[in-house]
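# Overview (structure and organization)
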Amino acid sequence: MNITSLQRNREGAATELGYVFTFLLGVLLLTMFSLWIYDIESATRERWNEEAIDANMNDLSAAIERTDVASRIDNSSYAERVYWRTTEADESQFTLELTDTTLILYDAEGELDTERSLSGTSSVPHSGTIELAGVQSIWVVYHDGFITLELDRPMF
């Protein structure tokens with residue numbers, strides 16, 4: 001005859017609690033790692049956007065300065081194509097404006113607004129406003145006494 005009696009064994013419960021706490025610690029660490037990686041990825045994307053926009057603005061302002069030099073030649077026309085580097089930002093929110101002394105990039109969200117000063121040594125007026133949605137290149141054009149920004153290749 002077998003006689004069984006109940007015993008209070010707490011070792012099994014402690015092991016189960018250890019498994020639960022280990023699992024929760026793993027979930028916590030994976031969550032923290034995921035958030036950390038997301039922050040790194042977001043910061044990298046923002047830095048790349050800023051560098052691409054900075055390079056684009058430098059290229060455009062240099063082309064405008066070269067167009068200023070060409071405008072000093074009598075009876076001349078000049079056009080230069082500047083390639084626009086794409087960014088991760090929503091470029092449909094970007095507007096580029098050219099004034100006599102400044103090249104300005106407006107971002108509707110306000111995060112990437114920037115401007116470049118131009119020498120203003122040319123005696124011809126500068127003008128142009130461009131929406132940058134889907135733009136791959138911008139033409140800086142001097143024709144008929146005006147320096148303008150255009151999206152299409154000029155036909156002089």
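Up top is the structure.
These lines cover the structure that appears in this document, whether it is placed above or below. (Residues numbered from 1 in each chain as written. Predicted model: local features only at pLDDT ≥ 70, side-chain atom pairs only at ≥ 80, totals over all residues. Heavy atoms only, no water.)

### Structural notes on the sheet that holds strand β1 (residues 78-83)
In spatial order, the strands read β1-β7-β8-β5; together these four strands make up an open sheet with mixed pairing. Taken across any chain shown, the strands that pair with only one partner, and hence form the sheet edges, are β1 and β5 (126-127). (Pairing = 2+ DSSP bridges. Helix = DSSP H or I, 4+ residues; strand = E, 2+ residues; numbered from the N terminus.)

### Describing the pairing of strand β2 (residues 94-98)
Counting buried positions along β2 gives four out of five residues, so the element sits mostly inside the fold. Sheet topology places β2 next to strand β3 (residues 102-107); five bridges connect them, and they run antiparallel. Bridge pairing in β3 places T95 opposite Y106. Taken together, the three bridges between β2 and strand β6 (residues 129-131) define a ladder with antiparallel strand orientation. By the bridge assignment for β6, L96 is matched with I130. (Buried < 20%, exposed > 50% of the residue type's maximum accessible area, 1.4 Å probe, protein only.)

### With respect to the side chain of S137
Tracing the backbone shows S137 in strand β7 (residues 137-143). A distance of 3.1 Å separates the side chain of S137 from the side chain of R81, its partner in a polar contact. Those residues in contact with S137, other than ones at most four positions away along the chain, are R81, V82, Y83, W84 and L151. (Polar contact = N/O pair within 3.5 Å; in protein donor to acceptor, adjacent residues only side chain to side chain. Contact = heavy atoms within 4.5 Å.)

### Things to note about a nonpolar patch on the surface
Side chains of L17, V20, F21, F23, L24 and V27 sit close together on the surface and give an oily, nonpolar patch of about 600 Å² of accessible area. Inspection of the secondary structure assignment puts L24 in helix α1 (residues 11-71). Look at L24 and you get partly exposed, because its relative accessible area is 45%. (Patch = residues over 30% accessible without salt bridge, like charges linked within 9 Å, V, L, I, M, F, W, Y side chains within 5 Å. Areas by Shrake-Rupley, 256 points an atom, 1.4 Å probe, with all protein chains shown as cover. Salt bridge = Lys/Arg side-chain N within 4 Å of Asp/Glu carboxyl O.)

### Examining the side chain of D68
Within the secondary structure, D68 sits in helix α1. One buried charged residue, D68, remains without a salt bridge, the closest side chain of opposite sign being R72 at 5.7 Å. A polar atom in the side chain of D68 sits 2.7 Å from the side chain of H126. If near-sequence neighbours (up to four positions away) are discounted, D68 is found in contact with S119, S122, H126 and I147. (Lys, Arg positive; Asp, Glu negative; His and termini not counted.)

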